[in-house]
Amino acid sequence: MKVIAIDEQLRVIYEDNVHFDKDLPEFKTQGGVYIHSDRLTVTSPVLMWVKALDMILEKMKSSGFNFSQIRALSGAGQQHGSVYWKKGSSQILKNASSELPLHQSLKGCFSVSDSPIWMDSSTTSQCRELEKAVGGAQHLASVTGSRAYERFTGNQIAKIYSQNPEVYQQTERISLVSSFAASLFLGTYAPIDYSDGSGMNLLQIWEKTWSKSCLDACAPGLEERLGCPVPSHSVLGPISPYYSQRYGFSPDCKVVAFTGDNPASLAGMRLQEGDIAISLGTSDTLFLWIQEPTPALEGHILCNPVDSQTYMALLCFKNGSLMRERIRDDCASGSWDEFSKALSSTAAGNSGNLGFYFDVMEITPEAVGIHRFNRDNQKVSRFPKEVEIRALIEGQFMAKRIHAEKLGYKVLPRTRILATGGASHNKKILQVLSDVFNAPVFTIDTANSACLGSAYRAIHGLVAERNVSLADVVKLAPEPSLAVTPTPGAEEVNLFAASIMEKRVVTVLSGFLENISKNPSCL
């Protein structure tokens, strides 16, 4: 759990955190979670989160932090996770004594003591049932922004209802992690916001209302347990008197709707229409600001957390830095300098040589293995080292552009790419990224971007009803640094290569599926 406070100049004036494993050892978590014996079920203890909030606020109080000057607060929670409030809990939450830490007052309030979280993958049967109930995976994606995923909240609720119907009956409210945290500050059940609600397989992203067919497929009486969703910039109300009495918050401090960690990061990175944020880490993740999305079987469309009329897209690729490091070790003697020199020695388009590099089963597309094609569209077993390096980097970035465009993304003249993560320090890699997307690449410091984005959103919530944009609110924040601009003429070469690549994806997937049909044990 992290906290950031910013002043009117957007300067960070306070920052701290509580580490679940180290600071709350009594919960015996690893990485803040419990991984169950089936290796599929992953949960976190709800009271650990409440106790972490108590702890971080006490740390702030001990440091002399002046809570009375806080005008507004907001927050972010890990997406998809869910919290189950027992019948009668709303009164306990509302009347919590400021003489006690909150976790002591709420210890009997949860019908499910260990919350299912985003790492859980135990709901495959519920996913298939949901897709079947609504007319297929693509139809579900068209309605809710994503096909059925095991970690998505609707499928987790369906599992709890089917396996423990009595627990479900004891539940009066179901919160996301984000709306649960907002509820703690509000002293009453906080609504789910549109953006985080888009990660549940339950919200109609166009109408921004719950889908009756999806609700009915998951559990009876679900709509009243979820409450009505609200715009992500909504002011939910004043802070609970508990915090005024215990910590000295002003009674006028406003609570702005909390959202998911990914949407909050979009705010923290200050994306604007047409922008892309790309995190080049262990896995590579794309955040896209999209005006007219086209939901697909791969990737996710969410309501935009800072502009209710637009959308954001998320694409995740498992084979990121570890794949780049493997090719660096194989082809450049483990040296990033040698890797960069080899990358610079080859031309954009790689003379028609293309590759797919999937050390582990990829998410987008669903395939595994290394597949190389030469300029004559023939599959080959190896490339020269410098060709291999460019094939890897160009292939990774072309795949990202292809899949982004399938979701409705369009590169605009004002498009910026904001790059973060380990590989964003390598200018030669960023040059290929810039050439493939034909857009300038900027680097940005995103340490604690979800937490910082929540602080920005708190300010925005105070003025959003007056049609003030987040961009206007955060214009004093430091600008990202320009790293590279596109090489003239590179886009034409890369667009041609990308069109060939799309055809070869089909070849790779066809071969992969054929291998599985002949030898199912290879899975």
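Residues numbered from 1 in each chain as written. Predicted model: local features only at pLDDT ≥ 70, side-chain atom pairs only at ≥ 80, totals over all residues. Heavy atoms only, no water.

Summing up its helical and strand segments, the protein has 21 helices and 24 strands in all. Whereas a compact globule of 523 residues would reach a radius of gyration of roughly 24 Å, the protein reaches 24 Å, a difference of no more than 12%. Referenced to the eigenvectors of the C-alpha coordinate spread, the extents of the protein come out at roughly 75 × 55 × 45 Å. The burial tally for the protein puts 57% of its 523 residues in the buried class. Long-range pairs, those at least 24 residues apart, make up 73% of the contacts in the protein between residues at least 6 apart in sequence. Carbon together with sulfur atoms contributes 52% to the accessible area of the protein, which is approximately 22,000 Å² in total. Averaging the coordinates of the 50 positive side-chain charges in the protein and doing the same for the 54 negative ones gives two points 1 Å apart. (Helix = DSSP H or I, 4+ residues; strand = E, 2+ residues; numbered from the N terminus. Rg over C-alpha atoms; globule rule 2.2 N^0.38 Å. Buried < 20%, exposed > 50% of the residue type's maximum accessible area, 1.4 Å probe, protein only. Contact = heavy atoms within 4.5 Å. Areas by Shrake-Rupley, 256 points an atom, 1.4 Å probe, with all protein chains shown as cover. Lys, Arg positive; Asp, Glu negative; His and termini not counted. Charge placed at Lys NZ, Arg CZ, Asp CG, Glu CD.)

Looking now at the nonpolar core. Grouped together as the largest cluster of nonpolar side chains are 73 residues, with contacts concentrated most on Ile 157, Leu 202, Leu 222, Leu 226, Leu 288, Phe 339 and Phe 397. Top element by residues in this core is helix α17 (residues 385–406). It accounts for eight residues. If near-sequence neighbours (up to four positions away) are discounted, Leu 288 is found in contact with Asp 275, Ile 276, Tyr 311, Met 312, Ala 313, Leu 315, Ala 404 and Tyr 409. In terms of nonpolar packing, the next biggest core, distinct from the first, is built from 47 residues, Val 50, Ala 52, Val 83 and Ala 182 among them. (Core = buried A, V, L, I, M, F, W, Y, C linked by side-chain atoms within 4.5 Å.)

Further remarks concern the pairing of strand β17 (residues 300–303). Going residue by residue along β17, you find His 300 and Leu 302 tucked away on one face and Ile 301 and Cys 303 tucked away on the opposite face as well. Across four bridges, the pairing between β17 and strand β18 (residues 311–317) is antiparallel. Looking across to β18, one finds that His 300 is bridged to Leu 314. (Pairing = 2+ DSSP bridges.)

Those residues carrying the UniProt feature "domain: Carbohydrate kinase FGGY C-terminal" (unreviewed entry) are residues 277–460 in this numbering. With 35% helix and 22% strand, residues 277–460 has end C-alpha atoms that lie 21 Å from one another. (UniProt positions renumbered as here; feature names shortened; annotations may be inferred.)

Right, let's get into the sheet that holds strand β21 (residues 379–380). On the basis of which strands lie adjacent, the open sheet formed by three strands has the order β19-β20-β21 and antiparallel pairing. Two strands bound the open sheet, and with one partner strand each, they are β19 (354–358) and β21. Sheet topology places strand β20 (residues 369–373) next to β21; two bridges connect them, and they run antiparallel. Counterpart to Phe 373 in the pairing with β21 is Lys 379. Set on the sheet, α17 makes contact with β19 and β20; between it and β19 the angle comes to about 75 degrees. (Axes fitted to C-alpha atoms, helices over the stretch in contact; angles between N-to-C directions.)

Summarising burial for helix α14 (residues 261–268): six of the eight residues are buried, a large majority. Among all positions of α14, only Pro 263, Ala 264, Ser 265, Leu 266, Ala 267 and Gly 268 are buried. Trailing α14 by a residue or two, Arg 270 shows a phi angle of about 60 degrees, which is positive.

Moving on to the packing of aromatic side chains. What the rule picks out here adds up to 20 aromatic pairs. When the ring of Phe 67 is compared with that of Tyr 247, the centres are 5.7 Å apart and the planes differ by 55 degrees; the resulting orientation is tilted. Of this pair, Phe 67 sits in the loop between α2 (46–62) and β5 (72–73) while Tyr 247 sits in helix α13 (residues 241–247); the two residues are 180 residues apart in sequence, bridging distant segments of the chain. Each member of the pair, Phe 67 as well as Tyr 247, is classed as buried. With 5.0 Å between their ring centres and 75 degrees between their planes, Trp 336 and Phe 339 make a pair best called edge-to-face. Here Trp 336 and its partner Phe 339 are both found in helix α16 (residues 336–344), three residues apart, which amounts to about one turn of the helix. Residue class for Phe 339 comes out buried when judged on its relative accessible area of 0%. Aromatic ring contacts, followed pair by pair, group Tyr 14, Phe 65, Phe 67, Phe 185, Tyr 242, Tyr 243, Tyr 247, Phe 249 and Phe 258 into a single cluster. The positively charged end of Arg 151 is found above the aromatic ring belonging to Tyr 149, 5.1 Å away from the centroid. Against the face of Phe 317 rests Lys 400, its NZ or CZ located 4.4 Å from the ring centre. (Phe/Tyr/Trp six-rings, centres within 6.5 Å; stacked < 30°, edge-to-face > 60°. Lys NZ or Arg CZ within 6 Å of the ring centre and 35° of its normal.)

Before going further, it helps to examine the UniProt feature "domain: Carbohydrate kinase FGGY N-terminal" (unreviewed entry) in the protein. The UniProt feature table records "domain: Carbohydrate kinase FGGY N-terminal" (unreviewed entry) at residues 117–268. Across residues 117–268 one finds 50% helix and 12% strand; the C-alpha atoms that close the span lie 23 Å apart.

Partitioning the protein into domains gives domain 1 (2–257), domain 2 (264–318 + 410–484) and domain 3 (321–396 + 488–522). Averaged C-alpha coordinates put domain 1 and domain 3 at centres separated by 40 Å. (Domains from an automatic or database assignment.)

Contact geometry for α16 and helix α18 (residues 427–437): axes closest at 9 Å, N-to-C directions at 35 degrees. Contact with α16, carried on its side by Trp 336, Phe 339, Ser 340, Leu 343 and Ser 344, involves Lys 428, Ile 429 and Val 432 of α18 and no other residues of that element. Its residues assigned to classes, the contact of α16 with α18 comprises five nonpolar, two polar and one charged. (Nonpolar A, V, L, I, M, F, W, Y, C, P; charged D, E, K, R; others polar.)

Scanning all chains against the criterion turns up 19 salt bridges. Here Arg 246 and Glu 58 are joined by a salt bridge, their closest N and O atoms 3.1 Å apart. Here Arg 246, found in helix α13, pairs with Glu 58, found in helix α2; they are 188 residues apart in sequence, far enough to count as distant. Here Arg 246 falls in the buried class, since its relative accessible area comes to 17%. Judged by its relative accessible area of 27%, Glu 58 falls in the partly exposed class. Here the salt bridges do not stand alone but share partners, grouping Arg 128, Glu 131 and Arg 147 into one network. (Salt bridge = Lys/Arg side-chain N within 4 Å of Asp/Glu carboxyl O.)

A few words now on the sheet that holds strand β13 (residues 254–256). With mixed pairing, three strands are arranged side by side in an open sheet as β5-β13-β12. The sheet is open, and its two edges are formed by β5 and β12 (235–238), each paired on a single side. By the bridge criterion, three bridges tie β12 to β13 in an arrangement that is antiparallel. Pairing of Pro 238 across the sheet is with Lys 254, part of β13. Along the sheet face, helix α9 (residues 177–186) touches β5, β12 and β13 and points at about 25 degrees away from the line of β12. Sheet contacts for helix α19 (residues 449–463): β5, β12 and β13; angle to β13, the most-contacted strand, approximately 110 degrees.

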